[in-house]
Amino acid sequence: MPPAIVGHQGPLTGQRFPIGDTPITFGRREDSSVVIASGRASRLHAEVLREAGGYVLHDRGSRNGTLVNGNRVTSHVLQPDDLITIGDETFSFEASNEMETIVDALVLQSFIKSAVRGDAGPVLNVTVSGGGPVGLSLSLLLENLMGPRVAITVYDGRWTQDGSRVVWKDEAQGNVRRRQVVTVQSRQYLNLPEEVQSRLFTPEAYSEMWPTGPDSIRGYGPRNIRIADIEDRLLEMANEKPDRIRLVPAVFDPAEHHETLIENQVLAICEGGRSRTREYFTDKFGNADTSIYSLDGQHIQDVVLGLQVKSGLSDPMTVLLTVAQNRFLLNALRGEGFLNMRLTDTEAGEVIGIDPVRHVFEECIASRPCLMARTDHGEFHCSTHGTLFLPALVRSSALWKRVMEGLTLFGVTEENLRAVTAFRLDMVQRPRFTAQLYPATSTTPGTYGFLLGDAANAIHFWPGRGLNSGLASSISLARSLSNGWRGKAFRDADFVRHEAAMSMLQYRHKSRAWKAMVTTDDHGVTRAIKEKIVQGIEEGGAGTDKDADIDALMERLRQIRDRLSSRIPGMPDDETLRDHLRRLKGETVRTLLVSGAWETSVVGGEEVDIDIFDRRDLPVAERSQVAARVEESPDRTRLIARRPSGSISPG
């Protein structure tokens, strides 16, 4: 009979869970080998791995800990009749008398001593350029998965030192915090360490505005949360782990840190879409291709005006109004968030600031982009460049009038427009996301570079998609590094799954973004949605039947409401919707109608599931680490275990 975990006390008493070459996992997750219903158990609580001819229990960063014979452990070499306590349940370890282990005694003894004292062996050195949500989540994931086997250094010029802690610079120090609200999908946040989830999603920090969809797993829906809040909490947690995560409040310069890079194994580039580090290594990662996102040879770009607002409408109504058209999109946390306005090329040319002293125009809001906050005088001021938002000064401008219409559509009074910003959607195809930056030599370990987040896949119009793909990329890389680290130089083959996951993310998110930027007209011709908006403005300006347009828009709203009402209770009735639309100008109603509804049937469907690359039947990092130690031992001892069937396999 093979070794087994046996239920000793609790609902699983008497049940046997045989241990083979694959890990035995404990936790609340349904795919766990031993599913524990207790609320005191974590989703992935602990794991038993076969290592060096024995079996080792590892706590996987659980909130309430794992006990062996009454003592809390992080790792423990199991002995016959050991009692393992997780939550409210206890299990015993039963060894097999039939299994003979042929092991060099000194090697096994060394392993046991190492496991007891927590000796991690060779340490993986990781440099992270960019300490936003992607860079910090990668760091915390690696720390959670690898513990003392990893040392991480994170650089970000938006930080400053405050005593013993690193904090975000404030506006007076030149850093305007991102107050946008993003929608984080459960497919991503459920793969973050439990400690990260509990710190991010306190009751007051998030809301669930959008319904569950293809990206919703295990019954958990998408959650709205401010980017600044994510950044604050992740940085707080990184500060609490100085033994493994070093925070450097400075911009990462790859030329200046060349010597550090060639001594480290990993450089994770998480600086965003305008990454200078990525451009420094262009010869390694290759140039981006714009042709795939072009129409008639012209690269399609969108400019979106971001309006920081507080809406008086209910979430069900804002969702319905958002999905029904392609001109405006509101993403908020209890009414406060950003109203994103898709601009025409002519309108995008008006998104400029003016220096009130030198009387010159500046494109800081469109090119940086900068956040222009509302002053006591009602102007929108850029604290970095001292400019004012020109359209708000010229209130008779066509753009500002259309901004006011957007506020009316979403129940925002003018005084509840707090700030304006802009961002550009620049769709590109990247040839690769993983590259060997420096080869291994007799004195250096070899350095691999990785593009993550917006440095790999630029953001698109759907709020939070940039963050979701960024989190997915950091989860994928953290798993690949943890599973692949053997104390030796990495190989391209170690990152096949990660590169595949990144390519899938690029295809899915970029193709969906493309569908959010273009549409097909009645003749089957692909057109940019911003051209449809131009059409709506021109037709509305020429004079159309407003009542007829409202009727057509109402029919669209009814169809969407019927589709979503089962997932979003509290949808507005026809009378409420019609009264609301009558407040808009005829040009606005026509533009909303012509822009079309969200193509949910086109952009929906199967999502990228990076969990398919996290195969549980593969050797895990700790087992690889032991194998590497044994292989490098002077006598190159071979560990062999004889199974009851008589088959022979490496230990």
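The structure we're discussing is the one just above.
Residues numbered from 1 in each chain as written. Predicted model: local features only at pLDDT ≥ 70, side-chain atom pairs only at ≥ 80, totals over all residues. Heavy atoms only, no water.

Visitor: Would you mind showing me how to read the environment of Arg 233 here?
Guide: When you line up the elements, Arg 233 lands in helix H5 (residues 227–239). Take Arg 233: its relative accessible area is 18%, and that puts it in the buried class. Separated by 37 residues in the primary sequence, Arg 233 and Val 196 have C-alpha atoms spaced 8.3 Å apart. If we skip the residues at most four places from it in the chain, Arg 233 touches Arg 199, Leu 200, Thr 202, Glu 204 and Ala 205. Polar contacts involving the side chain of Arg 233 include one to the main-chain carbonyl oxygen of Arg 199, which spans 2.8 Å. (Helix = DSSP H or I, 4+ residues; strand = E, 2+ residues; numbered from the N terminus. Buried < 20%, exposed > 50% of the residue type's maximum accessible area, 1.4 Å probe, protein only. Contact = heavy atoms within 4.5 Å. Polar contact = N/O pair within 3.5 Å; in protein donor to acceptor, adjacent residues only side chain to side chain.)

Visitor: Explanation requested: the pairing of strand S33 (residues 447–451) in the structure shown.
Guide: For a regular strand, side chains alternate in direction, first toward one face of the sheet and then toward the other. With five of five residues buried, S33 is to be regarded as a mostly interior element. Pairing of strand S20 (residues 266–269) with S33 involves four bridges; the strand directions are parallel. Counterpart to Ala 268 in the pairing with S33 is Phe 450. Bridging between strand S32 (residues 434–438) and S33 involves four bridges; their strand directions are antiparallel. Pairing of Ala 435 across the sheet is with Gly 449, part of S33. (Pairing = 2+ DSSP bridges.)

Visitor: Any chance you could explain the sheet that holds strand S5 (residues 46–51) here in plain terms?
Guide: Working definition: the strands of a sheet are paired by backbone hydrogen bonds and lie parallel or antiparallel to each other. If you trace the five strands from one edge of the open sheet to the other, you get S4-S3-S5-S6-S9, paired in mixed fashion. The open sheet has two edge strands with one neighbour each: strand S4 (34–35) and strand S9 (75–77).

Visitor: What's the story with the pairing of S5 in this structure? I'm lost.
Guide: Burial runs high along S5: six of the six residues are buried. Burial along S5 is two-sided: Ala 46, Val 48 and Arg 50 facing one way and Glu 47, Leu 49 and Glu 51 facing the other are all buried. The pairing of S5 with strand S6 (residues 54–59) spans six bridges and is antiparallel. The residue of S6 that forms the bridge with Glu 51 is Gly 54.

Visitor: Can you walk me through the side chain of Gln 265 in this structure?
Guide: Positionally, Gln 265 belongs in the loop between helix H6 (258–263) and S20. Judged by its relative accessible area of 8%, Gln 265 is buried. A polar contact is formed between the side chain of Gln 265 and the backbone nitrogen of Asn 125, at a distance of 2.9 Å. In contact with Gln 265, not counting residues within four places along its chain, are Val 123, Leu 124, Asn 125, Pro 445, Gly 446, Thr 447, Tyr 448, Trp 485 and Phe 490.

Visitor: Help me out: how do you make sense of the packing of aromatic side chains in this one?
Guide: Aromatic ring pairs are described here by two measures, namely the spacing of the ring centres and the angle between the planes. Under the definition given, this model contains 15 aromatic pairs. Each ring, one from Phe 389 and one from Trp 400, has its centre 6.3 Å from the other, and the planes form 65 degrees; the classification is edge-to-face. Here Phe 389, found in strand S30 (residues 388–389), pairs with Trp 400, found in helix H13 (residues 398–409); they are 11 residues apart in sequence, far enough to count as distant. Here Phe 389 matches Trp 400 in class, with each residue buried. (Phe/Tyr/Trp six-rings, centres within 6.5 Å; stacked < 30°, edge-to-face > 60°.)

Visitor: How should the environment of Tyr 155 be read in this particular structure?
Guide: Mapped onto the secondary structure, Tyr 155 falls in strand S14 (residues 150–155). The sequence separation of Tyr 155 and Glu 271 amounts to 116 residues, and the corresponding C-alpha distance is 9.6 Å. Beyond its immediate chain neighbours, meaning those up to four positions away, Tyr 155 contacts Thr 127, Val 128, Ser 129, Gly 130, Gly 131, Arg 246, Val 248, Ala 250, Phe 252 and His 257.

Visitor: Mind showing me how you'd approach the sheet that holds strand S13 (residues 124–129) here?
Guide: Strand order in the open sheet formed by six strands is S19-S14-S13-S20-S33-S32, and the pairing between neighbours is mixed. Because the sheet does not close on itself, it has two edges, and the strands there are strand S19 (245–248) and S32. Strand-to-strand twist of the sheet, defined as the mean angle between neighbouring strand axes without regard to direction, takes the value 20 degrees. Bridging between S14 and S19 involves four bridges; their strand directions are parallel. Bridge pairing in S19 links Thr 153 to Arg 246. Running at roughly 170 degrees to S14, helix H2 (residues 133–146) makes contact with S13, S14, S19 and S20 of the sheet. (Axes fitted to C-alpha atoms, helices over the stretch in contact; angles between N-to-C directions.)

Visitor: It is not clear to me how unusual backbone geometry should be interpreted in this structure. Could you clarify?
Guide: Trans peptide bonds make up most of the peptide bonds, and negative phi angles are found at most residues other than glycine. Residues other than glycine seldom take positive phi values, yet Asn 69 does so here, at roughly 55 degrees. Even without being glycine, Arg 334 reaches a positive phi, approximately 55 degrees.

Visitor: Would you mind showing me how to read the packing of helix H16 (residues 529–542) against helix H19 (residues 586–595) here?
Guide: Helix-helix packing: each pair is described by the crossing angle between the helix axes and the interaxial distance. Viewed as axis vectors pointing N to C, H16 and H19 meet at an angle of 145 degrees, and their least axial separation amounts to 8 Å. By crossing handedness, the relation of H16 to H19 is classed as right-handed. On H19, the residues touching Ile 529, Lys 532, Ile 533, Gln 535, Gly 536, Ile 537, Glu 539, Gly 540 and Gly 541 of H16 are Glu 587, Arg 590, Thr 591, Val 594 and Ser 595. In terms of residue class, the contact of H16 with H19 is built from four nonpolar, six polar and four charged. (Left-handed = near helix turned anticlockwise from the far one by under 90°. Nonpolar A, V, L, I, M, F, W, Y, C, P; charged D, E, K, R; others polar.)

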